[in-house]
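Chains, contacts and geometry: an overview
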Amino acid sequence: MDDRDGLIWFDGEMVPWRDARVHVLTHTLHYGMGCFEGVRAYATDQGTAIFRLREHTNRLFDSAKILGMDMPFSKAQINDACRSAVRENNLKEAYLRPMVFFGSEGMGLRADNLKTHVIVAAWEWPSYMAPETRELGIKVQTSSFTRHHVNIAVTKAKANGQYINSMMALAEAQRGGYDEALLLDPQGYAAEGSGENLFVVKDNVIYTPVLTSCLNGITRNTVFHMARHLGYELREKLITRDEIYIADEAFFTGTAAEVLPIRELDGRSIGEGRRGPITEKVQSLYFDVVRGKQVLDADWLTPIL
Ligand code: PMP
């Protein structure tokens, strides 16, 4: 990742990609206290635009507030940084990674005298999983790792350190020949994937877990708007793993993963064992909305120019 041409926005300046470096005593590297976003920009008929940039920046600031990190930049500056990172790297479509971290000004858990640093990198990341999974769906395993308890990790923050849990779960699933993990919350209800929110469809109603242990996904919120637009009822509820086994359809959502059908959980086919009709409608509308071919909210696309 580090050896390529391009520019990274680093504390207010555009820095050559290979020079965007930190010291080994960088505080966040030691304790994982930091927060980040994953954002996407898509090609639209009006040029490249960032999807739901304001919501991502708002969540980044919320995460920093939860963690008690003082943001040295305004939301407007971060929004501009995101636009510049896509524009100055000449990207037509991009994945963006804003990240807030403590520097190497000091060590120790007291975290005093530390500066908060911010970067925004952008690069091409066309498809999070193999492209054919968009149609065929993925194989998922219920993880032996539990998703965060609300008073162990702060689940409303997209915090760096929380992703140890995601990575352990994903690695375990992949070692077992699955594409993704489904993590249950400490009570045993379905929470989310390693980097995605969960939806299931039963008798034409779309369900998604309540947010207690899950990240408040921006794609999840987009699905709420799309369900209303498509005329489907959508309910938040506690969902058990066996409810997913007998669901008609299931899918994951996330900025990186987009709308990803789940064809199998723990060796049980979900519905017909491939992308279901409602998942297909939601997915197809999603790709139209992010590329500006259908407009559900005119504020969702921020042009980079
Ligand atoms: N849950 C987790 C744990 C995630 O990392 C992500 C990706 N940010 C999501 C859900 C989906 O969130 P979003 O739709 O905002 O990308």
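Residues numbered from 1 in each chain as written. Predicted model: local features only at pLDDT ≥ 70, side-chain atom pairs only at ≥ 80, totals over all residues.

Scanning the protein from terminus to terminus reveals eight helices and 17 strands. What you see for the protein is a C-alpha radius of gyration of 19 Å, in line with the 19 Å of a compact globule of 305 residues. With respect to the three principal axes, the spread of C-alpha positions in the protein is 55 × 45 × 30 Å. When burial is assessed residue by residue, the protein has 42% of its 305 residues classed as buried. Considering only contacts within the protein whose residues lie at least 6 apart along the sequence, 70% involve residues at least 24 apart. (Helix = DSSP H or I, 4+ residues; strand = E, 2+ residues; numbered from the N terminus. Rg over C-alpha atoms; globule rule 2.2 N^0.38 Å. Buried ≥ 20, exposed ≤ 12 C-beta atoms within 10 Å, placed from the backbone. Contact = placed C-beta atoms within 7 Å.)

Each domain of the protein was delimited in the assignment, giving domain 1 (7–123) and domain 2 (133–290). For domain 1 versus domain 2, the distance between C-alpha centres works out to 26 Å. Each partner contributes to the interface: domain 1 provides 21 residues, whereas domain 2 provides eleven residues. Contributions of two or more residues to the side of domain 1 that touches domain 2 are made by β3 (34–36), β4 (39–44) and α2 (53–67). It is α2 that contributes the most residues to the side of domain 1 that touches domain 2, seven residues altogether. In terms of residue class, the side of domain 1 that touches domain 2 is made up of nine nonpolar, six polar and six charged. (Domains from an automatic or database assignment. Nonpolar A, V, L, I, M, F, W, Y, C, P; charged D, E, K, R; others polar.)

Further remarks concern the nonpolar core. Of all hydrophobic cores here, the largest spans 74 residues; its most connected members are Ile50, Cys82, Ala85, Val86, Leu96, Val200 and Ala250. Counting only domains with at least three residues in this core, you end up with domain 1 (7–123) and domain 2 (133–290). In this structure, Ala85 is in contact with Trp9, Leu96, Val120, Ala121 and Ala122, ignoring residues within four places of it in sequence. (Core = buried A, V, L, I, M, F, W, Y, C linked by C-beta atoms within 7 Å.)

Right, let's talk about the site of the ligand for a bit. What surrounds the ligand is a group of 16 residues, the closest being Gly217, Ile218, Thr219, Gly254 and Thr255. Elements with a minimum of two residues in the shell around the ligand: α6 (218–230) and β14 (249–254). The element that contributes the greatest number of residues to the shell around the ligand is α6, accounting for three residues. (Near = placed C-beta within 6 Å.)

Of all five residues that make up strand β9 (residues 180–184), five are buried, and the element is covered over most of its length. Burial along β9 is two-sided: the face carrying Glu180, Leu182 and Leu184 and the face carrying Ala181 and Leu183 are both buried. In this sheet, β9 lies alongside strand β8 (residues 138–146) in parallel orientation, the contact comprising four bridges. Bridging from a neighbouring strand, Thr146 pairs with Leu184 of β9. A crossover links β8 with its parallel partner β9, the connecting element being helix α5 (residues 163–175), and its sense is right-handed. Note that β9 and strand β10 (residues 190–193) share three bridges and pair antiparallel. Each residue of the ladder has a partner; that of Leu182, found in β10, is Gly193. Counted along the chain from β9 to the antiparallel partner β10, the turn is five residues long, and its residue Gly188 has a positive phi close to 100°. (Pairing = 2+ DSSP bridges. Right-handed = clockwise from strand over helix to strand, strands pointing away.)

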